[in-house]
Amino acid sequence: SSIAIDFRYIREFEHKLDFEISIAVFRIAQEGLNNIVKHAGATHINLHLLDKEDELYFILEDNGKGFNKNEMVNNPGSGLRNIKERAMLLNGSAEIHSEPGQGTIIEVHIPIN
């Protein structure tokens, strides 16, 4: 894809993320990026990770066409559902913000014990 990506990783606290968290964040990013390439028609992506003492905060934002979230709720093949489920498996959360014509923002919070 020729989409420009602004990637930032900010580490506020020195610790090693456990394997489960690392894999989950990788899979969430992979699913989100795949959705953007397939569906969004975006030209720019922001992918930012903030590694804090008590949580990992992840944001994936695109300038694509966006969508109506209500139409996606019952979509059985939805990668967005997979993102939410992966975050919940780690006692975290994923919020998806999108409006037609406004792009999409996915925010993920995963607690670190």
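This text follows the structure it describes.
All residue numbers refer to position in the chain's written sequence, counted from 1. Per-residue local features of the predicted model are confined to residues with pLDDT of at least 70, and side-chain atom pairs are confined, for both listing and counting, to 80 or more; whole-chain, interface and lining totals are unaffected and use all residues. Hydrogens are left out, water is left out, and the side-chain values use all remaining heavy atoms of the structure.

Peer 1: I keep staring at the overall build of the protein and nothing clicks. Help me out?
Peer 2: Within the protein, the regular secondary structure consists of three helices and five strands. Of the regular secondary structure in the protein, the N- to C-terminal order runs β-α-β-β-α-α-β-β. Its C-alpha atoms give the protein a radius of gyration of 14 Å, within 12% of the compact-globule value 13 Å for 113 residues. When the backbone C-alpha atoms are referred to their principal axes, the protein occupies close to 40 × 30 × 20 Å. Helix numbering and strand numbering both begin at the N terminus, where a helix is a DSSP run of H or I of at least 4 residues and a strand a DSSP run of E of at least 2. This radius of gyration counts C-alpha atoms alone. The globule rule is 2.2 Å times how many residues there are, raised to the power 0.38.

Peer 1: Got a minute to help me understand unusual backbone geometry in this structure?
Peer 2: Glycine aside, negative phi is the norm for most residues, and most peptide bonds take the trans geometry. For Asn91, which is not glycine, the phi dihedral falls at a positive 60 degrees. The residue Asn91 is located in the loop between α3 (79-89) and β4 (93-98) in this model.

Peer 1: So what exactly am I meant to see when it comes to the sheet that holds strand β5 (residues 104-111) here?
Peer 2: Strands in a sheet are paired, the pairing made by backbone hydrogen bonds, and the direction either parallel or antiparallel. Strand order in the open sheet made by the five strands is β1-β2-β3-β5-β4, with mixed pairing throughout. In this open sheet, the two strands that pair with only one neighbour each are β1 (4-11) and β4. Averaged over all neighbouring strand pairs, the angle between strand axes comes to 10 degrees, with direction disregarded. Between any two strands, at least two bridges found by DSSP are needed for them to pair. Pairing analysis gives eight bridges linking β1 to strand β2 (residues 44-51), with the strands arranged parallel. Counted as the bridge partner of Arg8 is His48 from β2. Helix-sheet contacts for helix α1 (residues 19-40) involve β1, β2, β3 (55-62) and β5, and the interaxial angle to β3 is about 10 degrees. Against the sheet, α3 makes contact with β4 and β5, and its axis sits at roughly 150 degrees relative to β4, the strand it touches most. Geometry is summarised by axes, namely lines fitted to C-alpha atoms with helices restricted to the contacting stretch, and by angles between N-to-C directions that run from 0 to 180 degrees. Working rule for contacts: check all heavy atoms of both residues, and any pair within 4.5 Å makes them a contact.

Peer 1: What am I meant to see in the pairing of β5 here?
Peer 2: In the case of a regular strand, side chains alternate between the two sheet surfaces. One ladder, built from eight bridges, connects β3 with β5; its direction is antiparallel. Opposite Phe58, over in β5, you have Val108 as the bridge partner. Pairing analysis gives six bridges linking β4 to β5, with the strands arranged antiparallel. Looking across to β5, one finds that His97 is bridged to Ile105. Counting the residues between successive antiparallel strands, the hairpin from β4 to β5 contains five residues, one of them, Gly101, with a positive phi of roughly 80 degrees.

Peer 1: Would you take a moment to explain a nonpolar patch on the surface for this structure?
Peer 2: Two distance rules govern patches: like charges are joined within 9 Å, and nonpolar side chains (Val, Leu, Ile, Met, Phe, Trp, Tyr) within 5 Å, applied only to residues with over 30% relative accessible area and no salt bridge. Here the Shrake-Rupley method, with its probe set to 1.4 Å, supplies the accessible areas, and only the displayed protein chains count as covering residues. Any carboxyl oxygen of Asp or Glu that lies within 4 Å of a side-chain nitrogen of Lys or Arg is treated as forming a salt bridge with it. On the surface, a cluster of nonpolar side chains totalling about 320 Å² of accessible area is made up of Ile5, Phe7 and Tyr9. In this fold, Phe7 is placed in strand β1.

Peer 1: What is the right way to read the nonpolar core from this model?
Peer 2: The nonpolar side chains of a soluble globular protein tend to be buried, and buried together. What makes a nonpolar core is a set of buried Ala, Val, Leu, Ile, Met, Phe, Trp, Tyr and Cys residues whose side-chain atoms join them at distances within 4.5 Å. Burial status follows relative accessibility: with a 1.4 Å probe on protein chains alone, a residue under 20% of its type maximum counts as buried, one over 50% as exposed, and anything between as partly exposed. Counting 27 residues, the largest nonpolar core has Ile21, Leu56, Phe58, Val108 and Ile110 as the members making the most contacts within it. With seven residues, α1 is the largest single contributor of residues to this core. Excluding its chain neighbours within four sequence positions, the residues that come into contact with Ile110 are Ile21, Val25, Ile28, Asp54, Glu55, Leu56, Leu90 and Gly92.

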